[in-house]
Amino acid sequence: MSQLQKNPECAADQGQTREKTHSQIAAVCRDVEEPCTSSHLMASSLKGQTGEGTQVSRDVEEPCHSSYSLMASNQNDPADETPSTSGGLQSPCDSLRKSGVDLSNQEQGSPVNPPCQPANMNVPVMSIDSKVDFLVNYMLYKYQMKEMMSKTDILRLIVREDENRFHEILMRSAERMEMVFGLGVKEVDPVNHVYALFIKLGLTYDGMRSDEYSFPKTGLLIIILGVVFLKGNRATEEEIWEALNPMGIYAGVNNFIFGEPRQLITNEFVKEQYLVYQPVADSDPVQYEYVWGPRARAETSKMKVLEFVAKVYGTHPATFQSQYQEALIEKEERALALILDSAGLSSRSRASSSAMGCSFPRM
C-alpha cells in the first residue's frame, strides 16, 4: 500500500495540490479561444499512469476567461502567507496553485518585452501576483537574450516597494519557470546576487529556434518522459494524449507555447533522440508507443524525472514505490559503472606508464 493510501488526509491535500498545479499549467498552455476548467491538473493526468497512483479530489469546474493566458494571475494577493525558505527554491506546486502565467498581450513569434518602469514615473502599485507574472515575463526575456539577472534590477524594475517580499516573488516565479518551461533559476554570484537560468534535469534541449522567438519546450518533454516512466518505460500514443489533453494540449491543435504538439513530439523530440517512436509489438491493428531515446538516457536519469513528477504531486518520490526502486537501481548501476570506468582508466594509465618506462634502456 502506498504512503498516500495509508494517510487519506495527506492524499486529499496532495490531490488538491495536484489539481491546482495542473489548472495553472492548463491555463498557460491553452489557446485563448479554448475553454478551460480549474479541475484539470497535470498530476491528475499522470494519475493512473502507475499502479501506485493516488486518489485525486476534484474541484468544481469553473469557466476560464479567454484573456487568462501565459502569465496572468487570477488570485488575490496572499498577504498573510509566508513563503518557505528551507531548501532553497521551494516546490513549484506552491506558486502554481496561487497564480497562473500571462503573455496574452504577446503574439506568437514576438519577443517577450522586458519590464520598463522609469523611476520618476508614477506607476500604479501592482499586487504580488502581478509582480510574479511580470518577473516570469522578465525571466523569459533574459533567457531568450542569454543574459543573467541581478537582484538590483529585479528590485528596481519589478519588486519596487515590496522589497521585503523579494524572496517570495523570486521563488514563485522560479517555480513557475521550472514547472511550465523546464527551466531552473540559480544564484551564480552570491555576493552581487546575480541569477542565471538553466535547463533542468541535466537536459541540453530547450526547443527554441535561433532564427525566431519561441518559448522553451523542455517542460513538455519532461512531462512526457515522466509519463513514459510511470507507464513501465513505454507509453502508447493514446496514453500520452490522455495525459496531455487535460492540460489543454491536443494533437492537431496549435498551442500558444508548443505550436502543433504532435509535430513537436513526433518530429522534434524524436529527431533530437529524446524519444523513440516505434510500433507496439504484436499489435493488430498496429499501434505506436514512445520509449526513452538514447539522448534522454545519457543526459538525465529516472530518479531526476521521478523527482520532478513527485513535485507535481506534492509528495516524495518514494511514494511511487516500484518506480522509486527502479530509479534507485539505475542510480546504483550508474555509480558502479563510473567507479569501474575510473578504475579501468587508472589501470590503463599505469600500464601505459609502465610500458613507457620499459621502452627506455637501463643505465
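Below, the discussion takes up helix α12 (residues 302-313). Given 3.6 residues to a turn, an α-helix orients residues that are three or four positions apart in the same direction. An ideal rise of 1.5 Å per residue puts 16 Å on 12 residues; α12 measures up with 16 Å between its terminal C-alpha atoms. Among the residues trailing α12, Gly314 stands out with phi positive, at a value near 70 degrees.

Now for the nonpolar core. With 70 residues, the main nonpolar core has Phe181, Ile224, Leu244 and Phe269 as its most contacted residues. Element by element, the count of residues in this core is highest for helix α8 (residues 218-230), at 10 residues. When sequence neighbours within four positions are dropped, the list of residues in contact with Phe269 reads Tyr205, Lys217, Leu220, Leu221, Ile224, Leu264, Tyr274 and Leu275.

Inspection of helix α10 (residues 261-271) places Pro261, Leu264, Ile265, Glu268 and Phe269 among the buried residues, and these make up the whole buried set. Projected onto a plane normal to the axis of α10, the buried residues spread over an arc of 120 degrees and lie on a single side. N-capping of α10 is provided by Glu260, with a side-chain oxygen placed 3.2 Å from the backbone N of Arg262. One or two positions beyond α10, positive phi appears at Gln273, with a value near 70 degrees.

Moving on, we get to the environment of Lys271. Here Lys271 is to be found in helix α10. Classification of Lys271 as exposed rests on a relative accessible area of 64%. Along the backbone, Lys271 and Gly293 are 22 residues apart, and their C-alpha atoms lie at a distance of 9.7 Å.

Right, let's get into the pattern of salt bridges. For the structure shown, the criterion picks out 17 salt bridges. Members of the salt-bridge network, linked through shared partners, are Asp129, Arg165, Glu168 and Arg172.

Taken in spatial order, the three strands make up an open sheet running β1-β3-β2, and their pairing is antiparallel. Of all strands in the sheet, those with a lone pairing partner are β1 (149-150) and β2 (183-189), marking the two edges. Pairing between β2 and strand β3 (residues 194-199): six bridges, direction antiparallel. Residue Val185 lies in a different strand from β3, and its bridge partner there is Leu197.

Right, let's talk about unusual backbone geometry for a bit. Across residues other than glycine, the phi torsion is negative in most instances, and most of the peptide bonds are trans. At the junction of Asp284 and Pro285, the peptide bond is cis and its omega measures out at 5 degrees in the coordinates. With a phi angle near 50 degrees, Arg160 is a residue other than glycine that sits in the positive phi range. Secondary-structure assignment places Arg160 in the loop between α6 (151-159) and α7 (166-181). When its relative accessible area of 25% is taken as the criterion, Arg160 is described as partly exposed. Despite not being glycine, Asp282 shows a phi value in the positive range, around 60 degrees. On the secondary structure map, Asp282 appears in the loop between β5 (275-279) and β6 (288-292).

Now for the packing of helix α9 (residues 237-244) against α10. Geometrically, a packed helix pair is captured by the angle between its two axes and the distance between the axes. Put simply, α9 and α10 touch, their axes get as near as 13 Å, and they point 135 degrees apart. Taken together, the axes of α9 and α10 lie oblique to each other. Crossing of α9 against α10: the hand is right-handed. Mapping the contact onto sequence places Glu237, Trp241 and Leu244 in α9 and Pro261, Arg262 and Ile265 in α10. Split by residue class, the contact of α9 with α10 holds four nonpolar, no polar and two charged.

Reading guide: rules and limits
Residues numbered from 1 in each chain as written. Predicted model: local features only at pLDDT ≥ 70, side-chain atom pairs only at ≥ 80, totals over all residues. Heavy atoms only, no water. Helix = DSSP H or I, 4+ residues; strand = E, 2+ residues; numbered from the N terminus. Expected span 1.5 Å × (residues − 1). Core = buried A, V, L, I, M, F, W, Y, C linked by side-chain atoms within 4.5 Å. Buried < 20%, exposed > 50% of the residue type's maximum accessible area, 1.4 Å probe, protein only. Contact = heavy atoms within 4.5 Å. Arc of directions from axis to C-beta. Polar contact = N/O pair within 3.5 Å; in protein donor to acceptor, adjacent residues only side chain to side chain. Salt bridge = Lys/Arg side-chain N within 4 Å of Asp/Glu carboxyl O. Pairing = 2+ DSSP bridges. Axes fitted to C-alpha atoms, helices over the stretch in contact; angles between N-to-C directions. Parallel < 35°, antiparallel > 145°, perpendicular 65-115°, else oblique. Left-handed = near helix turned anticlockwise from the far one by under 90°. Nonpolar A, V, L, I, M, F, W, Y, C, P; charged D, E, K, R; others polar.

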